[in-house]
Amino acid sequence: MINVITSGCSFTYNSEMTWVSKLEELWQVHNVASCAAGQDYISRQAIDKLEQLKGQRNILVCQWSGIHRRAFLTEHDFGFAQGSPYIDKTQNGYWVKNGGNGVDSKVSENELAEKHLFEPYRKIYNEKQSAIESLEHIARTQWYCKLNHIPMLNFWWKDEMSNVDVDISLVDWKQFWFHKKTGGMAEWCVDEMWDPGFAEGNHPTKEHHDKFAEEVIIPRIASLI
């Protein structure tokens, strides 16, 4: 049996509504994606699941998110409503995620989290640092997979790195799928189907997800088996 582990943000979360559903027709899938997640959380979730499945035949697919996104580990839930996409409860505590399409996005509508977590983060935010840390999270995940002989496929939710002037050599880009030279799933959806309004924060439709799985992801997973 082959396990396909998928990690990412809302472009991957909720298997029934995303590209992951098509994978479930073919393989045993463990989807550890989480809404509003950034590279830190995506990497952590993937490695944790792979540790749980160690010794089995595993393939990892990571959909990487916005470079500004970050998860904060807290001891209490900051008053988030039950089921909020911006907080996940784990054995280590509560991971609070800032989400959004940019560092200035105020999407959680949680004033306590805004005051104590997100506003202080915005004040010290540095795009280059976030890009560098994104690359480090990706590289760490790749190193784990190479150490444990786990095939890996990567892609961006959209291109955010090409305009940031940092050294990108830490990452093995041969393990990435790109739309054209630098694009990700968002650019593929715009070019291949129609513009679903990504600039306004919209998400791909189920039709987008199914076609993306069939034309991009499934053939590439098959090539790794």
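Above this note sits the structure.
All of these numbers come straight from a predicted model, not from anything done at the bench.

1. A look at the overall build of the protein
(1) Moving on: In terms of regular secondary structure, the protein is built from 6 helices and 7 strands.
(2) Moving on: Of the regular secondary structure in the protein, the N- to C-terminal order runs β-α-β-α-β-β-β-β-α-α-β-α-α.
(3) Moving on: Computed over its C-alpha atoms, the radius of gyration of the protein comes to 17 Å, within 12% of the 17 Å expected for a compact globule of 225 residues.
(4) Moving on: Seen through its principal axes, the protein has C-alpha atoms that stretch 45 × 40 × 35 Å.
(5) Moving on: A separation threshold of at least 6 residues defines the contact pool for the protein, and within that pool the share at least 24 residues apart is 67%.
(6) Moving on: With the model as given, the accessible surface of the protein reaches about 11100 Å², and the carbon-plus-sulfur share is 48%.

2. Re the packing of helix 2 (residues 39-52) against helix 4 (residues 127-147)
(1) Moving on: Where helix 2 contacts helix 4, the two axes come as close as 9 Å, and the packing angle between them is 15°. By the angle between their axes, helix 2 is roughly parallel relative to helix 4. The hand of the helix 2/helix 4 crossing is left-handed. Between helix 2 and helix 4, the contacting residues are Gln39, Asp40, Ser43, Ile47, Leu50 and Glu51 on the first element and Ser134, His137, Ile138, Arg140, Thr141, Tyr144 and Cys145 on the second.
(2) Moving on: Classifying every residue of the contact of helix 2 with helix 4 gives 5 nonpolar, 5 polar and 3 charged.

3. Some points on the packing of helix 5 (residues 185-192) against helix 6 (residues 206-224)
(1) Moving on: Across the interface, helix 5 lies against helix 6 with an axial gap of 11 Å and an inter-helix angle of 105°. Overall, the two elements helix 5 and helix 6 adopt an arrangement that is roughly perpendicular. Between helix 5, through Met185, Trp188, Cys189 and Glu192, and helix 6, the contact on the second element is made entirely by His208, His209, Lys211, Phe212, Glu215 and Val216.
(2) Moving on: Broken down by class, the residue content of the contact of helix 5 with helix 6 amounts to 5 nonpolar, 2 polar and 3 charged.

4. What about the pattern of salt bridges?
(1) Moving on: Using the criterion set out here, one finds 12 salt bridges in the structure.
(2) Moving on: One salt bridge connects Glu51 with Lys54, and the closest N-O pair in it is separated by 3.2 Å.
(3) Moving on: What makes Glu51 partly exposed here is its relative accessible area of 40%.
(4) Moving on: For Lys180, the salt bridge is made with Asp191, and the minimal N-O distance between the two is 3.0 Å. Residue Lys180 is found in the loop between strand 7 (152-156) and helix 5, and its partner Asp191 is found in helix 5; the two are separated by 11 residues along the sequence.
(5) Moving on: On the accessibility criterion, Lys180 (66% relative accessible area) is exposed.
(6) Moving on: Residues joined by salt bridges that share partners form a network here, namely Lys106, Glu114, Glu119 and Arg122.

5. Some words on helix 6
(1) Moving on: Here helix 6 spans 25 Å end to end across 19 residues, near enough to the 27 Å set by a 1.5 Å rise per residue.
(2) Moving on: Remark: the principal bend of helix 6, roughly 45°, maps to Ala213.
(3) Moving on: Every buried residue of helix 6 is listed here: His208, His209, Asp210, Phe212, Ala213, Val216, Ile217, Ile218 and Ile221.
(4) Moving on: Close packing links the buried residues of helix 6 with strand 1 (2-7), helix 1 (20-24), strand 3 (57-64), strand 7 and helix 5.

Cut-offs and rules
All residue numbers refer to positions counted from 1 along the written sequence of the respective chain. Reporting in this predicted model follows two pLDDT cut-offs: at least 70 for local features of residues, and 80 or more for side-chain atom pairs to be given and counted; totals over whole chains, interfaces and linings ignore these cut-offs and use all residues. In computing side-chain properties, one takes all heavy atoms of the structure into account and sets aside hydrogens as well as water. Put simply, DSSP marks the helices as runs of H or I at least four residues long and the strands as runs of E at least two long, and each gets a number from the N terminus on. As a reference, a globule follows 2.2 Å times the number of residues to the power 0.38, and the radius of gyration itself is taken over C-alpha atoms. Residues count as neighbours in contact if any of their non-hydrogen atoms are within 4.5 Å of one another. Only the protein chains shown count as cover for residues, and the accessible areas themselves come from Shrake-Rupley with a 1.4 Å probe. Convention adopted: a line fitted to C-alpha atoms gives each axis, helices being fitted over their contacting stretch, and angles between N-to-C directions are expressed from 0 to 180 degrees. Working definition: roughly parallel below 35 degrees, roughly antiparallel above 145 degrees, roughly perpendicular at 65 to 115 degrees, and oblique for all remaining angles. Note: crossing handedness is left-handed where the near helix turns anticlockwise from the far helix by less than a right angle, and right-handed where it turns clockwise. Throughout, the ten residues Ala, Val, Leu, Ile, Met, Phe, Trp, Tyr, Cys and Pro are labelled nonpolar, Asp, Glu, Lys and Arg are labelled charged, and all others, Gly among them, are labelled polar. Salt bridges are identified by distance alone: a Lys or Arg side-chain nitrogen within 4 Å of an Asp or Glu carboxyl oxygen. Residue burial is assigned from relative accessible area. The probe radius is 1.4 Å, only protein chains are included, and a residue is buried under 20% of its type maximum, exposed over 50%, and partly exposed in between. A helix is expected to reach a length of 1.5 Å times the quantity of its residues less one. Here the bend at each residue means the angle between axes fitted to two seven-residue stretches, the one ending at that residue and the one beginning there.

Read these as spatial facts, not as claims about activity.
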